Amino acid sequence: MAHVAQGQQEVPDNLRKQLAVAVRSVQWSYAIFWSQSTRQQGVLEWGDGYYNGDIKTRKVEAMELKPDKIGLQRSEDLRELYKSLLGGETDLQAKSSSPVLSPEDLSDEEWYYLVCMSFVFNPGEGLPGRALTNKQPIWLCNAQYADSKVFSRSLLAKSASIQVRRSICI
C-alpha cells in the first residue's frame, strides 16, 4: 500500500522507515525524499522525510516511545506542523487530541527541516533537479559552504547554523 500527498506521485508507506534505517546507520540528522509533482510537470517537491536531529521541545515523553520510534514520531509531528502553517491555522491544539508542536518548540535544525518542505526544484535546478536531469547521483561535501546556485538551501543552512556535511541526490 502507498500513500499519495496532494499533488504528488505515489510514495511507499514504508519509505519513512527505510529513510530512518539509512539515516540512523550513518548518524545523519535527516533525509529528504524528493518526489515528482503531479501538479507541475517535471517539478520535484517534498515527498517524505525522516528527522533524526536535535529536539528542542518534546510534547510526548521520550519514555513513552521506543528509541527507534522517536524520530518517526518527530518526523510526523514536523510534517503536521508544516501542513497547519501552510493552511494558515493559528490554533493548532484545537484540531488535535494529542500534543501538537508549535513554531516556538523547534530547534534551528528542526526549522531547517521544516522549511525544506516548501522547496520545489525544476529539472536541472539545485541538487535534486540536477540529479533528476542527469540521471546520476550527486555527492556534495560541506554543503553549507556551497554556492547557492549549487545547493539552494545553503543560505538557509548557514542561517540556522546547520552543518550539512554531505548531501547526496540519487
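Before reading further, recall that the structure is shown in the block above.
To keep things clear, this report deals only with the structure shown in the data block. (Residues numbered from 1 in each chain as written. Predicted model: local features only at pLDDT ≥ 70, side-chain atom pairs only at ≥ 80, totals over all residues. Heavy atoms only, no water.)

### Looking at helix 4 (residues 126–134)
Right, on to step 1. Regarding helix 4, the residues found buried are Gly126, Leu127, Pro128, Gly129 and Ala131.
Right, on to step 2. Downstream of helix 4 by a residue or two, Lys135 has a phi angle that is positive, lying close to 55 degrees. (Buried < 20%, exposed > 50% of the residue type's maximum accessible area, 1.4 Å probe, protein only. Helix = DSSP H or I, 4+ residues; strand = E, 2+ residues; numbered from the N terminus.)

### Overview of the pairing of strand 4 (residues 44–51)
Right, on to step 1. With 8 of 8 residues buried, strand 4 lies mostly within the body of the structure.
Right, on to step 2. With 7 bridges connecting them, strand 3 (residues 30–36) and strand 4 associate as antiparallel partners. Bridge pairing in strand 4 places Ser35 opposite Glu45.
Right, on to step 3. Note: strand 4 against strand 5 (residues 120–121), 2 bridges, orientation antiparallel. Each residue of the ladder has a partner; that of Glu45, found in strand 5, is Val120. (Pairing = 2+ DSSP bridges.)

### Remarks on the environment of Leu19
Right, on to step 1. Residue position: Leu19 is located in helix 1 (residues 15–26).
Right, on to step 2. You can call Leu19 buried: its relative accessible area is 14%.
Right, on to step 3. Along the sequence, Leu19 and Tyr51 sit 32 residues apart, while their C-alpha atoms lie 9.2 Å from each other.

### Here's the deal with the pattern of salt bridges
Working definition: two side chains of opposite charge can pair if their charged atoms are close together.
Right, on to step 1. Inspection of the entire model under this criterion finds 5 salt bridges.
Right, on to step 2. For Arg39, the salt bridge goes to Glu45, with nearest N and O atoms at 3.0 Å.
Right, on to step 3. The class for Arg39 is exposed, based on a relative accessible area of 55%.
Right, on to step 4. On the accessibility criterion, Glu45 (5% relative accessible area) is buried.
Right, on to step 5. Through salt bridges with shared partners, a single ionic network connects Arg16, Asp48 and Glu76. (Salt bridge = Lys/Arg side-chain N within 4 Å of Asp/Glu carboxyl O.)

### Notes on the packing of helix 2 (residues 67–86) against helix 3 (residues 108–116)
Right, on to step 1. Look at helix 2 against helix 3: their axes get within 10 Å of each other, and the N-to-C directions meet at 60 degrees. Considered as vectors, helix 2 and helix 3 are oriented oblique to each other. In this structure, helix 2 crosses over helix 3, and the sense of that crossing is right-handed. The segment helix 2 lies against helix 3, with Arg74, Ser75, Leu78, Leu81, Tyr82 and Leu85 engaging Glu110, Trp111, Tyr113 and Leu114.
Right, on to step 2. Taken together, the residues of the contact of helix 2 with helix 3 sort by class into 7 nonpolar, 1 polar and 2 charged. (Axes fitted to C-alpha atoms, helices over the stretch in contact; angles between N-to-C directions. Parallel < 35°, antiparallel > 145°, perpendicular 65-115°, else oblique. Left-handed = near helix turned anticlockwise from the far one by under 90°. Contact = heavy atoms within 4.5 Å. Nonpolar A, V, L, I, M, F, W, Y, C, P; charged D, E, K, R; others polar.)

### Remarks on the packing of helix 1 against helix 2
Right, on to step 1. Interaxial distance between helix 1 and helix 2 falls to 11 Å at its minimum, and their mutual angle equals 125 degrees. Relative to helix 2, the element helix 1 lies oblique. Helix-helix and strand crossings are classified by hand; for helix 1 and helix 2 the assignment is right-handed. Two secondary-structure elements touch here, helix 1 through Arg16, Lys17, Ala20 and Arg24 and helix 2 through Asp68, Leu72, Ser75 and Glu76.
Right, on to step 2. Partitioned by chemical class, the residues of the contact of helix 1 with helix 2 number 2 nonpolar, 1 polar and 5 charged.

### Describing unusual backbone geometry
Right, on to step 1. Positive phi values are uncommon outside glycine, yet Gln27 reaches one of about 60 degrees.
Right, on to step 2. Along the polypeptide, Gln27 turns up in the loop between helix 1 and strand 3.
Right, on to step 3. With a phi close to 55 degrees, Lys135 is a non-glycine residue in the positive phi region.
Right, on to step 4. Judged by its relative accessible area of 75%, Lys135 falls in the exposed class.

### Examining the side chain of Ser75
Right, on to step 1. Here Ser75 lies in helix 2.
Right, on to step 2. Given a relative accessible area of 1%, Ser75 falls into the buried group.
Right, on to step 3. Setting aside chain neighbours within four positions, we find Ser75 in contact with Arg16, Gly49, Tyr50, Tyr51 and Tyr113.

Nothing here speaks to function; it is all geometry.
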